[in-house]
Amino acid sequence: LAVAKAAKRVAAAAAAAARRRRPAVPVRAAATARSTTASDPVRVALVGCGTIAREFGEEFVRAGARVVRVCDVDATRARALAAEHDGAEVVVGDVDELLRRNDDGASRHAELVYVGTPPAHHADAVVAALGAGAHVLCEKPFALRDADALRMCEAARAQQHASVSAVNFPLRYVRALRELRERITAGYVGDAARRVELIMHIPQWPRTWQQPWVGERAQGGVMRELGSHLVFALLELCGTPFAVARVDAHSAYCAHRVRTRRDDAEAEAHALLTLRADVVPPPLADALVTVDLRCNALIAHEVLALRVSGHRGRVELRDFTRLRGCDERDGTERDLLAGVDGAAASGDEPVFMSSAPCANDIVRAVERARSRGEPSAPRDADLWRGDLVPFEYGRQVARIVEAVLASSRSGQFAKTNTAAANAVASLQ
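**Observations concerning the layout of surface pockets**
Next up, step 1: What the second largest pocket holds in volume is close to 520 Å³.
Next up, step 2: Residue lining of the second largest pocket: 28 residues in total, with Gly-48, Asp-72, Gly-116, Thr-117 and Pro-118 positioned closest to the centre.
Next up, step 3: Of all the elements in the fold, those that place two or more residues in the lining of the second largest pocket are helix H2 (51–62), strand S2 (66–72), helix H4 (95–100) and helix H5 (122–131).
Next up, step 4: In terms of residue count, the dominant contributor to the lining of the second largest pocket is H2 (3 residues).
Next up, step 5: Class assignment for the residues of the lining of the second largest pocket results in 13 nonpolar, 9 polar and 6 charged.

**Considering the packing of helix H8 (residues 222–238) against helix H10 (residues 391–410)**
Next up, step 1: Following both chains from N to C, one finds H8 and H10 inclined at 120 degrees, their axes separated by 9 Å at the closest point. One way to sum up the angle between H8 and H10 is to call them oblique. Like other packed secondary-structure pairs, H8 and H10 cross with a definite hand, here right-handed. Within the contact between the two elements, H8 uses Met-223, Arg-224, Gly-227, Ser-228, Val-231, Phe-232, Leu-235 and Glu-236 and H10 uses Tyr-393, Val-397, Ile-400, Val-401, Glu-402, Val-404 and Leu-405.
Next up, step 2: A per-class count over the contact of H8 with H10 returns 10 nonpolar, 2 polar and 3 charged.

**Topic: the sheet that holds strand S12 (residues 313–318)**
Next up, step 1: Across the sheet, 9 strands lie side by side as S14-S13-S12-S11-S7-S10-S9-S8-S15; this open sheet has mixed pairing. The strands lining the two open edges of the sheet, one partner per strand, are strand S14 (332–335) and strand S15 (414–415).
Next up, step 2: In terms of strand pairing, strand S7 (residues 193–202) meets strand S10 (residues 288–295) through 8 bridges, oriented parallel. Across the sheet, the residue bridging to Met-200 is Leu-293, located in S10.
Next up, step 3: Strand contacts of H8: S7, strand S8 (244–253), strand S9 (266–275), S10, strand S11 (303–310) and S12, with the helix running at about 160 degrees to S7, the strand carrying the most contacts.

**Some words on the packing of H5 against helix H6 (residues 146–158)**
Next up, step 1: Viewed as axis vectors pointing N to C, H5 and H6 meet at an angle of 10 degrees, and their least axial separation amounts to 9 Å. In this view, H5 runs roughly parallel relative to H6, as classed from their interaxial angle. Contacts between H5 and H6 involve His-122, Ala-123, Asp-124, Val-126, Val-127 and Leu-130 from the former and Asp-148, Arg-151, Met-152, Ala-155 and Ala-156 from the latter.
Next up, step 2: Its residues assigned to classes, the contact of H5 with H6 shows 7 nonpolar, 1 polar and 3 charged.

**Section: the nonpolar core**
Soluble globular proteins tend to bury their nonpolar side chains together.
Next up, step 1: Formed by 92 residues in total, the largest nonpolar core has its most connected members in Phe-142, Leu-273, Leu-306, Val-308 and Phe-391.
Next up, step 2: Here this core takes 11 residues from H8, the largest share from any one element.
Next up, step 3: Excluding anything up to four places from it in sequence, Val-308 contacts Ile-184, Val-189, Ala-193, Arg-195, Val-196, Leu-237, Leu-284, Gly-313, Arg-314 and Val-315.
Next up, step 4: Residues Phe-60, Ala-63, Ala-78 and Ala-166 belong to the second largest nonpolar core, which totals 29 residues.

**Examining the environment of Arg-334**
Next up, step 1: Here Arg-334 lies in strand S14.
Next up, step 2: Among the residues examined, Arg-334 registers a relative accessible area of 34% and is labelled partly exposed.
Next up, step 3: Residues Arg-334 and Arg-324 lie 10 residues apart in sequence; the distance between their C-alpha atoms is 5.7 Å.
Next up, step 4: In contact with Arg-334, not counting residues within four places along its chain, are Tyr-188, Leu-323, Arg-324, Gly-325 and Asp-327.

**Some thoughts on H10**
Next up, step 1: For H10, spanning 20 residues, the distance from its first C-alpha to its last is 28 Å, which sits close to the expected 28 Å at 1.5 Å a residue.
Next up, step 2: Judged by how many residues are buried, H10 sits mostly within the fold: 19 of 20 residues are covered.
Next up, step 3: After H10 finishes, the residue Gly-411 shows a positive phi value of roughly 80 degrees.

**Let's talk about the sheet that holds strand S1 (residues 43–47)**
Next up, step 1: The parallel open sheet is built from 6 strands, whose spatial order is S3-S2-S1-S4-S5-S6. If you trace the sheet from one side to the other, it starts and ends with strand S3 (89–92) and strand S6 (165–167), each paired once. In this sheet, neighbouring strand axes are inclined to one another by 15 degrees on average, regardless of whether the strands run parallel or antiparallel.
Next up, step 2: Sheet topology note: the strand S4 (residues 112–115)/strand S5 (residues 135–138) ladder contains 4 bridges and is parallel. In the strand pairing of S5, Val-115 is matched with Cys-138.

**Comments concerning the confidence of the model for the chain**
Next up, step 1: With 79% of its residues at a pLDDT of at least 70, the chain reaches an overall mean of 82.
Next up, step 2: Counting interchain partners and residues more than four positions distant, the pLDDT-below-50 stretch residues 418–428 has 27 contacts.

Parameters at a glance
- Residues numbered from 1 in each chain as written.
- Predicted model: local features only at pLDDT ≥ 70, side-chain atom pairs only at ≥ 80, totals over all residues.
- Heavy atoms only, no water.
- 1 Å grid on protein atoms, 1.4 Å probe; cavity = no way out; pocket = protein on both sides within 12 Å on 5 of 7 lines; lining within 4 Å.
- Points joined across faces, edges and corners; volume = space filled by probe spheres on them.
- Helix = DSSP H or I, 4+ residues; strand = E, 2+ residues; numbered from the N terminus.
- Nonpolar A, V, L, I, M, F, W, Y, C, P; charged D, E, K, R; others polar.
- Axes fitted to C-alpha atoms, helices over the stretch in contact; angles between N-to-C directions.
- Parallel < 35°, antiparallel > 145°, perpendicular 65-115°, else oblique.
- Left-handed = near helix turned anticlockwise from the far one by under 90°.
- Contact = heavy atoms within 4.5 Å.
- Pairing = 2+ DSSP bridges.
- Core = buried A, V, L, I, M, F, W, Y, C linked by side-chain atoms within 4.5 Å.
- Buried < 20%, exposed > 50% of the residue type's maximum accessible area, 1.4 Å probe, protein only.
- Expected span 1.5 Å × (residues − 1).
- pLDDT = per-residue confidence, 0-100.

See below:
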């Protein structure tokens, strides 16, 4: 019986790993002067042909769109992804080459450009695509330098009457996060939260399905790849992307590999995030916010959680899709969403975020933009309402993440402003 249970756990873990793909948030397709009718499929170009681009390609097609081009510097990877989409053209090179080919004809003209390259290359690809009149979905981490994030935000604002731009944060679509915010507001943990913990315990990094750069200090690391999701969730709970004022952090490197390299990403990081009491409403305004990141082979199971504690109890967003609660009066811990909206029970393997809702929303948004001739969302004036996450929100998340890395490397606190975000570059 024990052997059978162990085999079942191994099979479940393998299935979960296959699902554990970093999701993305799409955007509305380009309003162009090409001969496009409302009934034509939305034409999508995938820039960067990694695991998540493959997943999004599938979901765009399910939503009624058509992948017309795939672009990557790796010809083999580009051809492999193009083979999954009948008639998709392979572009070996950068987004500029892809956009030059937009003049070849309406049938291959890319309306929506998904940018899934490593983050150091986001800004050039995004600015070029917006300048060509395309709608843009950019993966997270949004940017490594605040100057690059600002370039993308300015390009999006310049094109706001012609193009929609959004950054991928699939937690927007997760029922558990909405329920977490509602319960905190309703006083589940008490009148005031005492502590908010962002927890990342990872036995292996990068995971088997991720590309090597994800494990490198220059562009990858757990804080950027997973911490971005938890920071986004924190800002959603606070009701504003401008919730964090400063960061004090410390980190260690290389401990998660048997053979270490100088460019390995962080193996451990601990941080204190100071909230802005002037913009964060009760019950979170006075909460102590901490980051607990550990990555080594001694960790038995991966843990990703955002935990909020108060005098009445605690509630925890776990593995991005589950919600667990504990009432301090009786010490009972329970699943708060078990059986609701397909949420997993605590004994199941984690249910990871899906890109399907985002892909469907974007395709519908493209179709509406076609009929109106002008996009309607997202807008800076309403940063955290609605489903698509605008660039400025992605910029604020990146500022906080990069401030954690900057503070941990310098040994000094970092404000979540341009100087703090840019400080990472000089520390690498």
